[in-house]
Amino acid sequence: MNINTMAKVLHSYNFANEITSIQKYGYGRINKTWLVETASGKFILQKINSELFNNIPKLMNNIIIITEHLKTKNQNTSRSVLNIINNKHNKPFTKIDCEYFRVYEYIDNSICYQTSKNYDTIKKLGFAFGDFQKNLSDFDQSKLYTTIPNFHNTSKRYNDFINVLNKQSKSAILKNKALILKFIDKKKYSSLIQNLIERNEIPKRVTHNDTKLNNVIFDYDSKTPLAILDLDTVMPGTLLHDFGDAIRYCCNEASEEETELSKIKFDIDLYKAFCEGYICSMTDLTQTEINHLAISPLVMAYELGLRFLTDYLNGNKYFAIDYECQNFKRAQNQMKLLEDMENKYMLMQKIVSDTVNKIKCSDKMSHNKPEVENNFTDKYFSDFTN
Ligand SMILES: Nc1ncnc2c1ncn2[C@@H]1O[C@H](COP(=O)(O)OP(=O)(O)O)[C@@H](O)[C@H]1O
Ligand SMILES: [Mg+2]
């Protein structure tokens, strides 16, 4: 960033004259983040991504109302909720040369993991996102501005894919035929969650929409989760997207960038750990939500794979690449993960059922919690994965 812009931004905050150091911070890929140290404390400064988000005042209002609500549910609000620092004009952001900046209190003595295959950490991750959902279950989601319309509208993503496909040359289609056919063959996933939303079979809730491990901050000493970060994409939606995407991301034995397909495997034990954490804290699940928890990671892997493939065929306009066929490889990665989840789906469904029933038995869930249908697994499996 231009040094004059940085100076203007910092000058707009009360701590401007006390700064002792500024350094780039973290591994976030959406915004630009700096740690600002001052004589009176540490702060996180962020340049908000204005290419991705087109109404930043409304986005910031979402964060304000969500964090205010979360503060009513938490005791230690300095470490359990993001705290926005207003500028000298009492505004939650500073706009300089058409760019938007914001400041948060720095959550000290903390750690954000980039990756983990530790069952305890993943269970805590599940607990943290479930707790976030639970604390927001009495928040009126209609107050939220939709930062990215149709973000998880998988049916629309499928139509976009078909439109791009229709513009391809015959040779391009032939070259990528095997993977294209797999996505077409599994079209059923594109409407699965979307139909539940459109038929009002699941509640609209506040959703985070970026449920990655590095968006949860843990206490450095106790390694317990403190707060959920990165609230830019908080908007109305279904918790199935958050649950499914968290699992899609953290239960892949390899990374999203792995190109050696034999290394891509769905880790069922990590899945179990996440489920246990999530279902233990999110005690307000409806029966239909419970019934679709296990299928949601399959839908999310399908959706992301479809987006990678669409972008590859469309000239890589959305996802940045380091080499020409990277988005194709990423799509293959998600398809391999999806296929492995399909093989383990019966077990995934059983883990949800067992976890719900176990938690219900131990009386941690509310007394009117619905039962899990015993015959659901078979019925569902034959409906959707055969
Ligand atoms: N209030 C905070 N206290 C401590 N660290 C933070 C705070 N906010 C963000 N971070 C760190 O900065 C990283 C990037 O922030 P994030 O808001 O997730 O940006 P991005 O949208 O680019 O992912 C986080 O993963 C975390 O390590
Ligand atoms: Mg982030």
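Residues numbered from 1 in each chain as written. Chains lettered and ligands numbered in written order. Predicted model: local features only at pLDDT ≥ 70, side-chain atom pairs only at ≥ 80, totals over all residues.

Okay, the pairing of strand β6 (residues 99-105) next. Two strands pair when backbone bridges link them, and strand β3 (residues 41-48) and β6 are joined in this way by six bridges, in the antiparallel orientation. Paired with L45 across the strands is V103, a residue of β6. As judged from the two bridges shared by strand β4 (residues 84-85) and β6, these two strands associate in the antiparallel manner. Across the sheet, I84 pairs through a bridge with Y104, a residue of β6. Sheet topology places strand β5 (residues 94-96) next to β6; three bridges connect them, and they run antiparallel. In the strand pairing of β6, K95 is matched with Y100. (Pairing = 2+ DSSP bridges. Helix = DSSP H or I, 4+ residues; strand = E, 2+ residues; numbered from the N terminus.)

Within the structure, ligand 1 sits among 20 residues, and G26, G28, I30, C112 and D230 are positioned closest to it. Per-class residue counts for the shell around ligand 1 are ten nonpolar, seven polar and three charged. Two domains share the shell around ligand 1, each providing at least three of its residues, namely domain 1 (3-108) and domain 2 (119-384). (Near = placed C-beta within 6 Å. Nonpolar A, V, L, I, M, F, W, Y, C, P; charged D, E, K, R; others polar. Domains from an automatic or database assignment.)

This next bit is on the domain arrangement of the protein. Considered domain by domain, the protein is made up of domain 1 (3-108) and domain 2 (119-384). Placing the centre of domain 1 and that of domain 2 at their C-alpha centroids yields a distance of 29 Å. Facing 19 residues of domain 1, the contacting portion of domain 2 comprises 16 residues. Among the elements of the structure, α2 (56-71) and α3 (77-80) are those that each provide at least two residues to the side of domain 1 that touches domain 2. With nine residues, α2 is the single largest residue contributor to the side of domain 1 that touches domain 2. (Contact = placed C-beta atoms within 7 Å.)

Next up on the list: the sheet that holds strand β7 (residues 110-111). One open sheet holds the three strands; their spatial order is β7-β9-β10, and the pairing between them is antiparallel. The two strands at the open ends of the sheet, each matched to only one other strand, are β7 and β10 (225-228). Across two bridges, β7 lies against strand β9 (residues 216-219) in antiparallel orientation. Note that in β9 the partner of S110 across the bridge is D219. Against the sheet, helix α4 (residues 119-135) touches β9 and β10, its axis set at about 45° to β10. (Axes fitted to C-alpha atoms, helices over the stretch in contact; angles between N-to-C directions.)

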